[in-house]
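Overview (structure and organization)
Single-letter residue listing:
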Amino acid sequence: MSSQNNNGTTSSDEISLQEMLLHLTTIKKKIWNKKWIVIVIAVIGAGIGLTKSVLTKPTYTAKLSFALQDEKGGGMSGLASLASQFGVSVGGASSAFGGDNLYELFTSRRLVEQTLLCPTTINGKTTNLLNLYIDTYKLREGWSKSSKPEIQKMAFPLSQDRKSYTRAQDSILQSIYTTITKKPMLTVAQRGKKLSIGDISFVSENEDLSKLFVENLIHETTDFYVYTKTKVSRDNYLKLLHQADSVKAIFNGAVAARASQADAVPNAVRQVASVGVVRSQSNVQVAGATYAEMIKNLEVMKMTINQETPLVQVIDAPVYPLEKQRLGKAKGILIGGFTGGFLAILWFAALYFWSLFKVSLTPETKEETEQKKE
């Protein structure tokens, strides 16, 4: 019995394979009979590809590479230990702004918006990259067809403060940010886990927009990153500097008071007359010693700030002419023709299998199918 079942299965498989080969042969014949239709559709596809290559604007890619040097630990612990002896905290910024997170900052909404809104000069005219982006992609033509008056008259003047933007302006700015980061037009990546070199690239239909965007972005992000990384130490430094100025004023006042009292009791015979002078001298010594220690602390904190300040050094900046990419006519014809021909063949094959499926339905099966639909 077992051998019979195996033979039956093998026979069944052979029949299925033979049927499949028969179907493929039949499809081949049907497609050959319809070859002129396939050729016409392929030609139409080639025409569409050619049209697309002509109408599609070229894109320009600006690439910028940079190196990040971010001190972690090491000499920092020694400086913190030294400063702690004077009762001064010189702790750095939160680890949330570690070196790896710099790559996430590049694509944050805040920094992308600052990059777009940063004033710049193009061909002797002062504008910003947001207006250049709007002109490049002709967004105003779409806004003019809107049913909302605030959209029809939409503008982003350079003199307008970002905080005063209307809801409609915020919405458009959000839409542009999403297009830039999700399309994506902007890509930022680290070359390797063990490397401190990163790459920024921006693709647009305007050569100036691509180049200026990556240059402004690296500038805005570096300033924000350095400011945040050193914020705690700078705040501590400014507080201590303010205290040092106050102590210095006290010291100067004590010196003046001692001189005044010394002049008031020249050649004093009784010791009680010189008590004021002794007190003033003591105040001078205390204020002087305190001020000296504060000056030492300020120098230590300067070294701490220098240690905490990351260095973002541009290695390769974009230069004109930028890398230009466009769909060539030959490539458009080839892709369009192949796609059209393939879809035509796929369509005829699908029709053939659909006809087989309809034939395979028995009258009983058709009736059951109709009952299920009802």
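Residues numbered from 1 in each chain as written. Predicted model: local features only at pLDDT ≥ 70, side-chain atom pairs only at ≥ 80, totals over all residues. Heavy atoms only, no water.

**Remarks on the overall build of the protein**
A count of helical and extended segments in the protein gives 14 helices and seven strands. Going through the 374 residues of the protein one by one, you find that 32% of them count as buried. As displayed, the protein has an accessible area near 23900 Å², and 59% of this comes from carbon and sulfur atoms. (Helix = DSSP H or I, 4+ residues; strand = E, 2+ residues; numbered from the N terminus. Buried < 20%, exposed > 50% of the residue type's maximum accessible area, 1.4 Å probe, protein only. Areas by Shrake-Rupley, 256 points an atom, 1.4 Å probe, with all protein chains shown as cover.)

**Here we look at the packing of helix 5 (residues 109-117) against helix 10 (residues 207-229)**
Taken N-terminus to C-terminus, the directions of helix 5 and helix 10 make an angle of 130 degrees; their axes are 9 Å apart at the nearest point. By the criterion of interaxial angle, the relationship of helix 5 to helix 10 is oblique. Two packed elements cross with a definite hand, and for helix 5 against helix 10 that hand is right-handed. The segment helix 5 lies against helix 10, with Arg110, Leu111, Val112, Gln114, Thr115 and Leu116 engaging Phe213, Asn216, Leu217, Glu220, Thr221 and Phe224. Tallied by class, residues from the contact of helix 5 with helix 10 come to six nonpolar, four polar and two charged. (Axes fitted to C-alpha atoms, helices over the stretch in contact; angles between N-to-C directions. Parallel < 35°, antiparallel > 145°, perpendicular 65-115°, else oblique. Left-handed = near helix turned anticlockwise from the far one by under 90°. Contact = heavy atoms within 4.5 Å. Nonpolar A, V, L, I, M, F, W, Y, C, P; charged D, E, K, R; others polar.)

**Describing the pairing of strand 4 (residues 186-190)**
Across five bridges, the pairing between strand 4 and strand 5 (residues 197-204) is antiparallel. Bridging from a neighbouring strand, Val188 pairs with Ile200 of strand 5. Turn length for the strand 4-strand 5 hairpin, with the two strands adjacent in sequence and antiparallel, is six residues. (Pairing = 2+ DSSP bridges.)

**Thoughts on the packing of helix 5 against helix 9 (residues 167-182)**
Interaxial distance between helix 5 and helix 9 falls to 10 Å at its minimum, and their mutual angle equals 105 degrees. Taken as axis vectors, helix 5 and helix 9 run roughly perpendicular relative to one another. Side by side, helix 5 and helix 9 meet where Arg109, Val112, Glu113 and Leu116 of the first sit next to Asp170, Leu173, Gln174, Ile176, Tyr177 and Ile180 of the second. Classifying every residue of the contact of helix 5 with helix 9 by side-chain character gives six nonpolar, one polar and three charged.

**Considerations on the packing of aromatic side chains**
Geometry of an aromatic ring pair is reported as the spacing of the ring centres plus the angle between the planes. A complete count under the given rule lists five aromatic pairs for this structure. Of the aromatic side chains, those joined through ring pairs into one cluster are Phe66, Tyr103 and Phe106. (Phe/Tyr/Trp six-rings, centres within 6.5 Å; stacked < 30°, edge-to-face > 60°.)

**A closer look at the pattern of salt bridges**
Taken as a whole and assessed by the stated rule, the structure comprises nine salt bridges. A salt bridge links Arg162 to Asp170, with the nearest nitrogen and oxygen atoms 2.8 Å apart. Among the residues examined, Arg162 registers a relative accessible area of 28% and is labelled partly exposed. Taking the shortest distance from any N to any O, the salt bridge between Lys296 and Glu293 comes out at 3.7 Å. (Salt bridge = Lys/Arg side-chain N within 4 Å of Asp/Glu carboxyl O.)

**Things to note about the nonpolar core**
Residues Phe66, Leu116, Ile180, Leu186, Ile200 and Phe213 are the most contacted members of the largest nonpolar core, which totals 45 residues. Counting residues per element, the ones that place at least two in this core are strand 1 (59-69), helix 4 (102-105), helix 5, helix 6 (129-136), helix 9, strand 4, strand 5 and helix 10. Here this core takes eight residues from helix 10, the largest share from any one element. In this structure, Ala244, Met294, Leu298 and Ile305 belong to the second largest nonpolar core, which totals eight residues. (Core = buried A, V, L, I, M, F, W, Y, C linked by side-chain atoms within 4.5 Å.)

**Some points on a nonpolar patch on the surface**
A contiguous nonpolar patch, built from Leu17, Met20, Leu21 and Leu24 and spanning about 390 Å² of accessible area, is present on the exposed surface. Tracing the backbone shows Leu21 in helix 1 (residues 2-33). (Patch = residues over 30% accessible without salt bridge, like charges linked within 9 Å, V, L, I, M, F, W, Y side chains within 5 Å.)

**Structural notes on unusual backbone geometry**
Most peptide bonds are trans, and most residues other than glycine sit at a negative phi. In this structure, the amide linkage connecting Lys183 to the following residue, Pro184, adopts the cis form with an omega of -15 degrees. Note that Pro184 resides in the loop between helix 9 and strand 4. Residue Pro321 is reached from Tyr320 by a cis peptide bond, and omega for that bond is -5 degrees. Positive phi is not limited to glycine here, since Asn123 has a value of about 55 degrees. Along the chain, the position of Asn123 falls in the loop between strand 2 (119-122) and strand 3 (125-128).

**What to know about the environment of Lys211**
For Lys211, the location among the structural elements is in helix 10. Spatially, the C-alpha atom of Lys211 lies 5.3 Å from that of Ala62, the residues being 149 residues apart in sequence. When sequence neighbours within four positions are dropped, the list of residues in contact with Lys211 reads Ala62, Pro318, Val319, Tyr320 and Leu322. Polar contacts involving the side chain of Lys211 include one to the side chain of Glu215, which spans 2.6 Å. (Polar contact = N/O pair within 3.5 Å; in protein donor to acceptor, adjacent residues only side chain to side chain.)

**Thoughts on the side chain of Ser210**
Residue placement: Ser210 occurs in helix 10. Within polar-contact distance, the side chain of Ser210 engages the backbone oxygen of Tyr60 at 2.9 Å. Here Ser210 is in contact with Tyr60, Ala62, Phe202, Val203, Ser204 and Leu322, once residues within four sequence places are set aside.

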